[in-house]
Amino acid sequence: MSAPAKLPPFDPADPLGIDDLLSADDLAIRDTVRSWAADRVLPHIAEWYEDGQVPVRELALELGDMGALGMSLTGYGCAGATAVQYGLACLELEAADSGIRSLVSVQGSLAMYAIWKYGSEEQKERWLPSMAIGETIGCFGLTEPDHGSDPAGMRTYAKKDGTDWVLNGRKMWITNGSVAGVAVVWAQTDEGIRGFAVPTDTPGFSAPEIKHKWSLRASVTSELVMDEVRLPADAVLPGVTGLKGPLSCLSHARYGIVWGAMGAARASFEAAVEYAKTREQFGRPIGGFQLTQAKLADMAVELHKGVLLAHHLGLRMDAGRLRPEQVSFGKLNNVREAIEICRTSRTILGANGISLEYPVMRHATNLESVLTYEGTVEMHQLVLGKALTGLDAFR
Ligand SMILES: Cc1cc2nc3c(=O)[nH]c(=O)nc-3n(C[C@H](O)[C@H](O)[C@H](O)COP(=O)(O)OP(=O)(O)OC[C@H]3O[C@@H](n4cnc5c(N)ncnc54)[C@H](O)[C@@H]3O)c2cc1C
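Here the structure is a predicted model, which means the values were calculated and not measured. (Residues numbered from 1 in each chain as written. Predicted model: local features only at pLDDT ≥ 70, side-chain atom pairs only at ≥ 80, totals over all residues. Heavy atoms only, no water.)

Around the ligand lies a shell of 18 residues, among which T143, S149, W173, T376 and E378 are the nearest. Within the contact set of the ligand, a nitrogen atom lies 2.7 Å away from a backbone nitrogen or oxygen of W173. Here T376 contributes a side-chain N or O atom positioned 2.6 Å from an oxygen atom of the ligand. Here the ligand, which alone exposes 980 Å², has 67% of that area covered by the protein. Breaking the shell around the ligand down by element, the ones donating at least two residues are β3 (164-175), α10 (360-372) and α11 (377-389). Looking at the shell around the ligand, its residues break down into nine nonpolar, seven polar and two charged. Two domains each put at least three residues into the shell around the ligand: domain 2 (138-235) and domain 3 (244-389). (Near = heavy atom within 4 Å. Polar contact = N/O pair within 3.5 Å; in protein donor to acceptor, adjacent residues only side chain to side chain. Areas by Shrake-Rupley, 256 points an atom, 1.4 Å probe, with all protein chains shown as cover. Helix = DSSP H or I, 4+ residues; strand = E, 2+ residues; numbered from the N terminus. Nonpolar A, V, L, I, M, F, W, Y, C, P; charged D, E, K, R; others polar. Domains from an automatic or database assignment.)

In structure tokens form, the structure reads like this:
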């Protein structure tokens, strides 16, 4: 072994040197998204969260301008970024708020991805360019009031009437629903589950907003009501039949969450470190107590392990080698650890931890939704359990 080169200094923001794994383009994209979030989200987020109102349309246009919508898709005005770059953007957006990352995930990885992957050329030309610039917002309707983790039994039904389709049913907890111009709706048909690109101004379609949420308050969440919604033959996504359609979209979106959750964790952790260095009790900064340092060290370990895991999955996705079970691995670990980091950070901030003056409680409550959507903890445990044992324990 040759004599070691002079070691780089320890960087508390990047203790494992993960930045060394990123290209100059990766870092430039990350910094652009980080500074957009610092300018456009952070100064307002506490107010948006408290009011339960967020200027989605305005933000969508700015995110589109930045190339963040459908970021890793190619063609149709999409940025064609790598999976790692898309992940870094998700992390930076969620460091501001999970609601902003949700807007981008649902737009790009669910609504746009479904059309990009399974749509006809006409559907792609019609929707994707305006979705990429944020002019048209998309939503993705899979969950129903009685069918969440097990969407196979969905009741929304699309029936053929001549060459038309007639859609009836209800979807629940749909991000972006009330602001969407196009809803990708999954429905039973005589041929199995199909996806439909539904213009939201079609008669019979409505999307009342769900109020009284205590999580993801800076995000629009809606019910979709479809009452005799008549669609032309070309509204159906021709490329897929069956549950594998929506599940493949979810896998794409979950990948973004693996990164995003670490953003919420990072923001909370950083708030805790700053607080621990300046808050004094018993005559000294609380960060000087061993019990606080144990919390900080454990959080740093989980935070940066989570980012490494996300980066590893990103490289696999870019190489076309990312399996859905590996995405489950990442979502299960990173969201669970992120929420733990937020809760521990909250304890370090004491009473201030429950205030919107600090980001910690907002991130912790947001992550309660992130823990549930795109597959709950239990669903990902069951996915991994099945992969490990070969035994299906879902039912
Ligand atoms: C803010 C927010 C935004 C959302 N956005 C969207 C969206 O844009 N589009 C969309 O389609 N959906 C969306 N969802 C819905 C989300 O995907 C569902 O909530 C999720 O799939 C869980 O379904 P559920 O709430 O009906 O819970 P359920 O499926 O009823 O589960 C309840 C509990 O039972 C557990 N459970 C269920 N089955 C089993 C089992 N076999 N073994 C062990 N435990 C089990 C679950 O893990 C969970 O803990 C959103 C949800 C939220 C909160």
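Let's pick the thread back up.
Here we come to helix α6 (residues 121-132). With 12 residues, α6 should reach 16 Å at 1.5 Å per residue; the first-to-last C-alpha distance of 16 Å fits that figure. All buried positions along α6 are accounted for by Q123, K124, W127, L128, S130, M131 and A132. Those residues of α6 that are buried lie in contact with α3 (56-65), α5 (98-118), β1 (138-141), β4 (182-189) and β5 (192-199). Backbone geometry just after α6 places G134 at a positive phi near 80°. (Expected span 1.5 Å × (residues − 1). Buried < 20%, exposed > 50% of the residue type's maximum accessible area, 1.4 Å probe, protein only. Contact = heavy atoms within 4.5 Å.)

What the domain assignment reports for the chain is domain 1 (18-132), domain 2 (138-235) and domain 3 (244-389). Taking only C-alpha atoms, the centre of domain 2 and the centre of domain 3 are 30 Å apart. Contacts between domain 2 and domain 3 engage eight residues on the former and 11 residues on the latter. Regarding the contact of domain 2 and domain 3, the summed buried area is about 760 Å², with carbon and sulfur atoms giving 73% of it. (Buried area = accessible area lost by both parts, 1.4 Å probe.)

Turning to its location among the elements, K213 is positioned in the loop between β6 (205-206) and β7 (221-231). One buried charged residue, K213, forms no salt bridge at all, with the nearest opposite charge on E209 at 5.7 Å. At a separation of 2.7 Å, a polar atom in the side chain of K213 contacts the main-chain carbonyl oxygen of L216. Beyond its immediate chain neighbours, meaning those up to four positions away, K213 contacts S219, V220 and T221. (Lys, Arg positive; Asp, Glu negative; His and termini not counted. Salt bridge = Lys/Arg side-chain N within 4 Å of Asp/Glu carboxyl O.)

With that settled, consider the packing of helix α7 (residues 244-278) against helix α8 (residues 290-318). Two numbers describe a pair of packed helices, the interaxial angle and the distance between the axes. Where α7 contacts α8, the axes come no closer than 10 Å and their chain directions differ by 155°. When the axes of α7 and α8 are compared, the pair comes out roughly antiparallel. For the pair α7 and α8, the sense of crossing is left-handed. Here the residues of the contact of α7 with α8 are counted per class, giving 17 nonpolar, five polar and two charged. (Axes fitted to C-alpha atoms, helices over the stretch in contact; angles between N-to-C directions. Parallel < 35°, antiparallel > 145°, perpendicular 65-115°, else oblique. Left-handed = near helix turned anticlockwise from the far one by under 90°.)

Inspection of every chain in the model, using the stated rule, returns five aromatic pairs. With centroids separated by 5.1 Å and ring planes inclined at 75°, the aromatic side chains of W165 and F196 adopt a geometry described as edge-to-face. Residue W165 is located in strand β3, and its partner F196 is located in strand β5; the two are separated by 31 residues in the primary sequence. The class for W165 is buried, based on a relative accessible area of 3%. The lysine or arginine in question, R217, covers the ring of W214, its NZ or CZ lying 5.1 Å from the ring centre. (Phe/Tyr/Trp six-rings, centres within 6.5 Å; stacked < 30°, edge-to-face > 60°. Lys NZ or Arg CZ within 6 Å of the ring centre and 35° of its normal.)

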